[in-house]
Amino acid sequence: MLQKNEIYEAEITGMTTEGSGVARIDGMAVFVPMTAVGDKLRVKIVKVLKSYAFGIIEELLSPAQSRCEADCPVFRQCGGCVFRHVTYEEELRYKEDFVRDAFTRIGKLSPEFEPILGDDSRYGYRNKAQYPVAMQNGKLVCGFYARHSHRVIPFTGCLLQPKIFTEILEYLMPALQKSGISAYDEQTHTGLLRHIYLRQGYHSGEISLCFVVRKTIRRQVKGILQEIQTKFPEIKSITESVNPEKTNVIMGKTADILAGKAVISDTMCGNAIEISPQSFYQVNTQQAERLYRIAKEYAQLQGDELLLDLYCGAGTIGLSMADRAEKLIGAEVIPEAVENAKQNAARNGVENAEFLCGDAGEVAKQLLESGTLPNVVVVDPPRKGCDMTTIDAISKMNPRRIVMISCNPSTAARDAAEFANRGYAVEKVRAVDLFPGTSHVECVVLMSSLSSEET
């Protein structure tokens, strides 16, 4: 049995989906963060459980060839990136393995695995950032939470964000402090400013600034609104979202305009899109467009199909395919997102689209009962995946093809196995890296009916 605080020599032979290296010491799996496959090191055991343990690097004896110098000063403290200490080629290999392992081990499936689609750059790809705010040493600061905590690491120069976000924060934070605005304190539920939320249209360059607050700060910020828009004319929307609850949920229920517009504009796959602070919108626009093109390719639309887009959000995926379908039906449970989808369709002259508000499974059941049978179904569920009601209803509709986009390979593999049990061949899977530096990876899955007339 391994002993806490003891030091052992080991080699990292695998990688977890959370980004910790795996070593086997005396037959027990030991998870060690900040390591790379191939590292030989001395590991200090910090926690021992029944069948596995956690360790930290005591000494790196022989580094893996894939190791490189981390290029971020807060990499070891911040809870964002986990792979800045290895080459991007190695990171992509890990992520490809995550997806392959999920489908073969969890799903017990053997599809064709197409090569992972990496990003062109590991830098500046995020169009959205939510910075927690704190008061430290008498100074109002913002940054990112330390790993596994809500302790704010003050930092405005994140390499994943556009440089203009750093410039805005460095101008804004002193101005907010001068205005007498206090930071929210989770422990005492006092203070005002919880988060600063920035979003930028990748193609348009338009920026949205949202203050997430416990109580309104409209009066306190009135004097700096014009200043900041003059200095940063890209900021087209300034809002505040009041969240008075004791919760880890960031946004409040509404976002009220302080200056400018309620939304910013951008384009996605050639379609004009309006984005509110509460809209779901992929944080890596360029890579999301590539992801959607793969999904469209997998859908194999010929122009005469009924396309059903479940968990459709603001409609971006379905609208990117609508030109190749006879009709598009989208379903989304969030009413504001459904309205956004309808507006986005109208804005782009898409006349063959209909959007319904409701739970994906319930809408699918209603369509089935009414005899509305789609030829192709696209699903983009949340991290928890599809529920059984949705899987059952889709299977009974017997579409020719199901295309699944997922941000969680484990639940995607589980759901694909359920579809396989209901008469679908899981044909292709492709990993797509939308989040370089982090442990997250998306995948696209093609499933074809074994019983429909055309497969």
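In this report, the structure presented in the accompanying data block is examined. None of the values given here were measured: they were computed from a predicted structure.

**Things to note about the pairing of strand S11 (residues 207–213)**
Move 1: In terms of burial, S11 is a largely internal element, seven of the seven residues being buried.
Move 2: Burial along S11 is two-sided: the residues Ile207, Leu209, Phe211 and Val213 and Ser208, Cys210 and Val212 are all buried.
Move 3: In this sheet, S11 lies alongside strand S10 (residues 193–200) in antiparallel orientation, the contact comprising seven bridges. Of the residues in S11, the one forming a bridge with Leu198 is Leu209.
Move 4: Where S10 folds back onto S11 in an antiparallel hairpin, the turn is made up of six residues, including Gly205, whose phi is positive at roughly 80°.

**Let's talk about the sheet that holds strand S7 (residues 128–136)**
Move 1: Pairing within the open sheet is mixed, and its seven strands lie in the order S9-S8-S7-S10-S11-S12-S13. Among the strands making up the open sheet, the edge pair consists of strand S9 (152–154) and strand S13 (256–260). This sheet shows a mean twist of 35° between the axes of neighbouring strands, independent of strand direction.
Move 2: Across five bridges, S7 lies against S10 in antiparallel orientation. Looking across to S10, one finds that Gln130 is bridged to Tyr197.
Move 3: Packing against the sheet, helix H2 (residues 163–178) makes contact with S7, strand S8 (139–145), S10, S11 and strand S12 (235–242), and its axis sits at approximately 150° to S10.
Move 4: Most of the contacts of helix H3 (residues 218–231) go to S13, to which it runs at about 35°, and overall it touches S11, S12 and S13.

Thresholds applied
- Each chain carries its own residue numbering, running from 1 in the direction its sequence is written.
- Reporting in this predicted model follows two pLDDT cut-offs: at least 70 for local features of residues, and 80 or more for side-chain atom pairs to be given and counted; totals over whole chains, interfaces and linings ignore these cut-offs and use all residues.
- Note: side-chain values were computed over all heavy atoms of the structure, leaving out hydrogens and water.
- With a 1.4 Å probe rolled over the protein chains alone, any residue whose accessible area is under 20% of its type maximum counts as buried; one over 50% counts as exposed, and the rest are partly exposed.
- Secondary structure elements follow DSSP: runs of H or I no shorter than four residues count as helices, runs of E no shorter than two count as strands, and numbering proceeds from the N terminus.
- Pairing between two strands is assigned when DSSP locates at least 2 bridges connecting them.
- Where helices are involved, their axes are fitted lines through C-alpha atoms of the stretch in contact, as for all axes, and angles between N-to-C directions lie from 0 to 180°.
- Contacts are residue-level and defined by heavy atoms, with any inter-residue pair within 4.5 Å sufficient.

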